[in-house]
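Chain by chain, the residues:
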Amino acid sequence: METNKDLQEKIKLGTHGENYGNWMSSPVFYAVISLIVIVAVLIILSLTIFHIVALCVLFSLITAVLILILIWISWVRKQYAFGGGGIMEQVHRTMLSHMDYDGKGRLLEVGCGSGALSIRSALTWPETEVTGIDRWGAVYNYSKDLCEKNAASEGTSHRCVFRQGDASQLDFPDESFDAVVSNYVYHNIMGADMHELLMESLRVLKKGGVFALNDEMKPKLYGDMDAFVQKLKDMGYQDVQIIDTAEEAFGSHKKAALMFLGHSRLLTGRK
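One structure accompanies this document, and this report is about it. Counting of residues starts from 1 at the beginning of each chain's written sequence and follows it residue by residue. Selection of residues for local features in this predicted model requires a pLDDT of at least 70, selection of side-chain atom pairs for listing and counting requires 80 or more, and totals for whole chains, interfaces and linings are taken over all residues. Note that the side-chain values use all heavy atoms of the structure and ignore hydrogens as well as water.

## Section: the environment of Gly-21
Helix and strand definitions here come from DSSP, where helices need a minimum of 4 consecutive H or I residues and strands a minimum of 2 consecutive E residues; each element is numbered from the N-terminal end. With respect to the helices and strands, Gly-21 occurs in the loop between helix 1 (4-10) and helix 2 (26-48). Contacts were defined at the residue level, with two residues in contact if any of their heavy atoms lie within 4.5 Å. Apart from residues lying up to four places away in sequence, Gly-21 is in contact with Met-88 and Tyr-142.

Structure representation (structure tokens):
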């Protein structure tokens, strides 16, 4: 019998020219290039206008550091790219492989971005209706239109609905979905209580429904997650556990840390 994990290895997204973006956003990439250009101009001015050698040396050192940073984030960008290192897709595979879901119902993705995880969920469970919500800020250049185009290209548009929404106040009644997933979303919500965000996502989950909530769970941001797991168990949640996705999806904590996600953790279980 084919397992969920086996199925995840067979599903390949982005093979029809879809655009799923990159977790190393383009604005960051271009900002570093712009800084290199600016400092290079300052080097020229230091030599030709100000004639200050010390400034030239200082700006040269800054340029060297910025070039190293550019090489680093270029490597990160390649690792995350669909068709490149494929880390984005590997994280999605890892998440869904830990869900004991029968696929007969409604699934919500909180923070769907470009739609990749929603679409993978739809391909994994052909009888599931998928809803993806996001605020679609300007940083990643994602949008509702992009999600819908990707879903249509992958052949899942008839089962995927995308709408604007707020993770801190989901516009759905209690117990609306049979499964809830989220990936690297909550830590981006400034000033929010992470445990409250997790509980809000679990609020819309039906009794007996399953969840897989992955994020960069830094202790200073998330607090005592072992205590939170125990809280869920005391509330009647079953099979609740935290999975080290930094190790499982990235291959090592060192590699995950180099890609800015060294505290990557997955909270899974059943309500």
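After that view of the structure, there is still more to cover.
## A short note on the environment of Thr-156
Take Thr-156: it is sitting in the loop between helix 6 (144-154) and strand 3 (160-164). Separated by 35 residues in sequence, Thr-156 and Ser-121 place their C-alpha atoms 9.8 Å apart. Filtering out sequence-adjacent residues up to four positions away, Thr-156 remains in contact with Ile-119, Ala-122, Leu-123 and Ala-151.

## Looking at a nonpolar patch on the surface
What makes a patch is a set of residues exposed beyond 30% relative accessible area and free of salt bridges, joined within 9 Å when like-charged and within 5 Å when nonpolar (Val, Leu, Ile, Met, Phe, Trp, Tyr). Under the convention used here, a 1.4 Å probe and the Shrake-Rupley method define accessible areas, while residue burial counts only the protein chains that appear. By definition here, a salt bridge exists when the distance from a side-chain nitrogen of Lys or Arg to a carboxyl oxygen of Asp or Glu is within 4 Å. Taken together, the side chains of Tyr-30, Ile-33, Leu-35, Val-37, Ile-38, Val-41, Leu-42, Leu-45, Ile-49, Phe-50 and Ile-52 make up a nonpolar region of the molecular surface, amounting to roughly 950 Å² of accessible area. Within the secondary structure, Val-37 sits in helix 2.

## Considerations on the layout of surface pockets
Using a grid of 1 Å spacing that covers the protein atoms alone, one calls a set of points a cavity when a 1.4 Å probe fits there but cannot get out, and a pocket when the set is open and has protein on both sides within 12 Å along at least five of seven lines; lining residues are those with an atom within 4 Å of a point. Grid points are joined across faces, edges and corners, and a volume is the space filled by probe spheres set on the points. Space inside the largest pocket adds up to approximately 1100 Å³. Forming the boundary of the largest pocket are 40 residues, of which Tyr-140, Tyr-184, Val-185, His-187 and Asn-188 lie nearest the centre. For the lining of the largest pocket, the elements supplying multiple residues, two or more each, are helix 3 (53-80), helix 4 (87-97), strand 1 (106-110), helix 5 (116-124) and strand 2 (129-134). Of the residues contributing to the lining of the largest pocket, the split by class is 24 nonpolar, eleven polar and five charged. Amino acids outside the nonpolar list (Ala, Val, Leu, Ile, Met, Phe, Trp, Tyr, Cys, Pro) and the charged list (Asp, Glu, Lys, Arg) are all regarded as polar, and Gly is one of them.

## Considerations on the pattern of salt bridges
Applying the stated rule across the entire model yields eleven salt bridges. Glu-127 is the partner of Lys-104 in a salt bridge, and the nearest nitrogen-oxygen pair spans 3.2 Å. Of the two residues, Lys-104 sits in the loop between helix 4 and strand 1 while Glu-127 sits in the loop between helix 5 and strand 2, which places them 23 residues apart along the sequence. With relative accessibility at 51%, the residue Lys-104 sits in the exposed group. Buried residues are those whose accessible area, probed at 1.4 Å on protein chains only, stays under 20% of the maximum for their type, while exposed residues exceed 50% and partly exposed ones sit between those limits. For Glu-127, a relative accessible area of 54% gives the class exposed.

## Quick look at the pairing of strand 5 (residues 205-216)
By the criterion of burial, strand 5 is predominantly enclosed, with nine of the twelve residues buried. Two elements, strand 4 (residues 177-183) and strand 5, share six bridges in a ladder whose sense is parallel. Across the sheet, residue Asn-183 finds its bridge partner in strand 5, namely Asn-214. On the question of chirality, the crossover connecting strand 4 to the parallel strand 5 by way of helix 7 (residues 194-203) is right-handed. Only strands that DSSP links by at least two bridges are regarded as paired with each other. In this structure, strand 5 lies alongside strand 7 (residues 264-270), joined through seven bridges in antiparallel fashion. In the strand pairing of strand 7, Asp-215 is matched with Arg-265. Here is how to tell: hold the view so the strands point away, follow the path from the first strand over the helix to the second, and if it runs clockwise the crossover is right-handed.

## Some details on the nonpolar core
Here, nonpolar core refers to any group of buried Ala, Val, Leu, Ile, Met, Phe, Trp, Tyr and Cys residues whose side-chain atoms link them within 4.5 Å. One finds Trp-23, Tyr-80, Val-91, Met-99, Val-181 and Phe-250 to be the most contacted residues of the largest nonpolar core, which totals 52 residues. When contributions to this core are tallied by element, the ones reaching two or more residues are helix 2, helix 3, helix 4, helix 5, helix 6, strand 3, strand 4 and strand 5. A total of seven residues in this core trace back to one element, the largest contributor, which is helix 3. Residues contacting Phe-250, with those up to four places away along its chain left out, are Tyr-80, Ile-87, Val-91, Tyr-184, Thr-245, Lys-255, Ala-256, Met-259, Leu-261 and Ser-264.

As far as function goes, none of this settles anything; it's purely spatial.
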